[in-house]
Amino acid sequence: MPLFDALPRTAFDPGLWVDGKKLMGKKLAELLRHHIKEETAKTSLKPGLAVILVGADAASQIYVAGKEKAALELGFDSRIVRLPADVTQEALVSEIHRFNLDNSIHGILVQLPLPEHLNESQILQAITAEKDADGFHYLNQGKLAAGIAATLPCTPAGVALMLRELVASNGVHHADLIGRHAVVVGRSNIVGKPMAQLLLSGLNMTVTMCHSKTHNLQRFVADADVLISATGVRGVIDESQIKAGAIVIDVGMHRIDGKVTGDLNLAAIESRVSLYTPVPGGVGPMTIAMLLYNTYQNAMRAAGNTRQIA
Ligand code: NDP
């Protein structure tokens with residue numbers, strides 16, 4: 001199956017979620033959640049999402065609460081397991097195994113980051129590929145690398161869906177991205193690498209990946225038709241170098257003086273770019289919507305129904 005078959009087959013009117021130059025992920029995510037809810041209601045399925053939270057990190061607690069609320073709103077079963085910060089690797093893996101064997105659970109997520117003493121990759125790989133809600137299982141990562149439909153990592157999948165929605169629409173926001181230059185700044189396994197692969201194999205873009213060792217980053221920034229910032233560091237991209245008419249996606253999330261902001265100073269580029277994601281309200285809400293979509297898809301597959309959302 002082609003890679004983008006793993007994305008919801010939606011084609012919303014851009015007027016419903018694009019506000020001037022702003023790609024309002026918050027609104028697109030709402031549309032998507034509503035769509036998943038309707039599709040789930042047509043079946044007898046009750047998708048189940050299990051979230052394992054280790055320790056008492058304040059930001060993680062907020063993210064987990066948001067995921068639970070969103071899951072319950074869709075009529076999903078939601079289970080949260082809270083483990084102490086000093087939990088052993090064995091105890092955590094045994095919780096995962098419990099959910100692997102639980103037929104009412106279709107998506108398992110371990111909230112990151114984990115305390116230093118835990119082996120993150122071993123823990124993530126303990127989740128079976130069939131119940132992988134985050135697209136981090138090596139089988140799913142391998143399929144993505146091969147350009148085959150798989151459970152996709154939620155943040156880059158959410159961005160890919162936004163861009164595909166733009167391509168699919170024939171309205172004023174039609175964006176023809178095929179063959180254009182996408183520059184991804186950041187190469188993590190969670191965001192940068194899968195993002196590049198989705199742009200390359202899914203959207204047929206010409207992709208450059210940049211990272212902290214890239215020489216003269218700004219020359220790539222200046223040539224980007226689509227620029228994705230996923231560094232988690234402010235000040236890395238010189239906003240004055242961004243190409244006029246570019247589409248800019250800011251994945252970064254920073255809390256400064258209690259306010260959430262992205263990697264970029266978006267106010268400085270608004271007049272020059274064609275479209276951009278605001279922070280907050282851009283990429284973040286798409287991440288949760290894709291998590292729910294992945295869980296729904298896992299539940300459909302477990303029931304022997306491989307039908308995608310129409
Ligand atoms: P990582 O820290 O794992 O990766 C950051 C990447 O940025 C690395 O590849 C690093 O390069 C690169 N980088 C760092 N500094 C520079 C620099 N000066 N020049 C060029 N590249 C640089 O972060 P994640 O990928 O996990 O997350 C990135 C951001 O996205 C964070 O702000 C995070 O909060 C946010 N995020 C937001 C989500 C959402 O839902 N909105 C979800 C997930 C993440 P190198 O590999 O060489 O070190």
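Rules behind the numbers
Residues numbered from 1 in each chain as written. Predicted model: local features only at pLDDT ≥ 70, side-chain atom pairs only at ≥ 80, totals over all residues. Heavy atoms only, no water. Near = heavy atom within 4 Å. Polar contact = N/O pair within 3.5 Å; in protein donor to acceptor, adjacent residues only side chain to side chain. Areas by Shrake-Rupley, 256 points an atom, 1.4 Å probe, with all protein chains shown as cover. Helix = DSSP H or I, 4+ residues; strand = E, 2+ residues; numbered from the N terminus. Nonpolar A, V, L, I, M, F, W, Y, C, P; charged D, E, K, R; others polar. Phe/Tyr/Trp six-rings, centres within 6.5 Å; stacked < 30°, edge-to-face > 60°. Buried < 20%, exposed > 50% of the residue type's maximum accessible area, 1.4 Å probe, protein only. Lys NZ or Arg CZ within 6 Å of the ring centre and 35° of its normal. Contact = heavy atoms within 4.5 Å. Domains from an automatic or database assignment. Axes fitted to C-alpha atoms, helices over the stretch in contact; angles between N-to-C directions. Parallel < 35°, antiparallel > 145°, perpendicular 65-115°, else oblique. Left-handed = near helix turned anticlockwise from the far one by under 90°. Salt bridge = Lys/Arg side-chain N within 4 Å of Asp/Glu carboxyl O.

**Student:** Go over the site of the ligand, please, and point to the residues and values.
**Tutor:** Among the 19 residues in the neighbourhood of the ligand, the closest are listed as Arg187, Ser188, Ser212, Gly232 and Thr287. With respect to the ligand, the side chain of serine 212 contributes an N or O atom lying 2.6 Å from an oxygen atom. Between the ligand and methionine 253 there is a distance of 3.3 Å, counted from an oxygen atom to a backbone nitrogen or oxygen. Compared with its free state, where it exposes 920 Å², the ligand has 69% of that area covered by protein. In terms of residues, the shell around the ligand owes the most to one element, helix H9 (residues 283-302), which gives three residues. Of the residues that constitute the shell around the ligand, the class distribution is eight nonpolar, ten polar and one charged.

**Student:** Explain the packing of aromatic side chains to me, and be specific about the residues and the numbers.
**Tutor:** For the structure shown, the criterion picks out one aromatic pair. The interplanar angle of 35 degrees and the centroid separation of 6.3 Å between the aromatic rings of tyrosine 293 and tyrosine 296 together place this pair among those described as tilted. In this pair, tyrosine 293 and tyrosine 296 are both assigned in helix H9, three residues apart and thus about one turn of the helix distant. Under the relative-accessibility criterion, tyrosine 293 is labelled buried at 0%. Lying over the aromatic face of phenylalanine 99, arginine 98 brings its terminal NZ or CZ to 4.9 Å of the ring centre.

**Student:** Run through the side chain of threonine 208, naming residues and quoting values.
**Tutor:** Along the polypeptide, threonine 208 turns up in strand E7 (residues 206-210). Side chain to side chain, threonine 208 and histidine 181 meet in a polar contact 2.6 Å long. What threonine 208 contacts, discounting residues up to four positions off in sequence, is His181, Ala182, Val183, Val184 and Phe220.

**Student:** Mind laying out the domain arrangement of the chain, listing which residues take part and the relevant values?
**Tutor:** Split into domains, the chain comes out as domain 1 (44-131) and domain 2 (154-284). The straight-line distance from the C-alpha centre of domain 1 to that of domain 2 is 29 Å.

**Student:** Requested: an account of the side chain of lysine 131, with residues and values cited.
**Tutor:** Structurally, the position occupied by lysine 131 is in the loop between helix H4 (120-126) and helix H5 (138-146). Among the polar contacts made by the side chain of lysine 131, one reaches the main-chain carbonyl oxygen of aspartate 102 at a distance of 2.6 Å. Contact partners of lysine 131, with chain neighbours within four places excluded, come to Phe99, Asn100, Leu101, Asp102, Asn103, Ile105, His106, Gly107, Ile108 and Asn298.

**Student:** How would you explain the packing of helix H6 (residues 154-168) against helix H7 (residues 192-202) if you had to name every residue and give the values?
**Tutor:** For the pair H6 and H7, the least separation of the axes is 9 Å and the interaxial angle reads 30 degrees. Overall, the two elements H6 and H7 adopt an arrangement that is roughly parallel. As H6 packs across H7, the resulting crossing turns out to be right-handed. For the pair H6 and H7, contact is made by Pro156, Ala157, Val159, Ala160 and Leu163 and by Pro194, Met195, Leu198 and Leu199, respectively. Here the residues of the contact of H6 with H7 sort into nine nonpolar, no polar and no charged.

**Student:** I'd like a rundown of the pattern of salt bridges, residues and numbers included.
**Tutor:** Evaluation of the coordinates by the stated rule reveals eight salt bridges. Between glutamate 39 and lysine 42 there is a salt bridge, with the nearest N and O atoms lying 2.9 Å from each other. Since its relative accessible area comes to 4%, glutamate 39 is described here as buried. Lysine 42 sits in the exposed class, given a relative accessible area of 61%. For aspartate 225, the salt bridge is made with lysine 243, and the minimal N-O distance between the two is 2.8 Å. Of this pair, aspartate 225 sits in the loop between helix H8 (217-223) and strand E8 (226-229) while lysine 243 sits in the loop between E8 and strand E9 (247-250), placing them 18 residues apart in sequence. The partly exposed category is assigned to lysine 243, whose relative accessible area is 29%. A network of salt bridges, in which partner residues are shared, links Asp77, Arg79 and Asp102.

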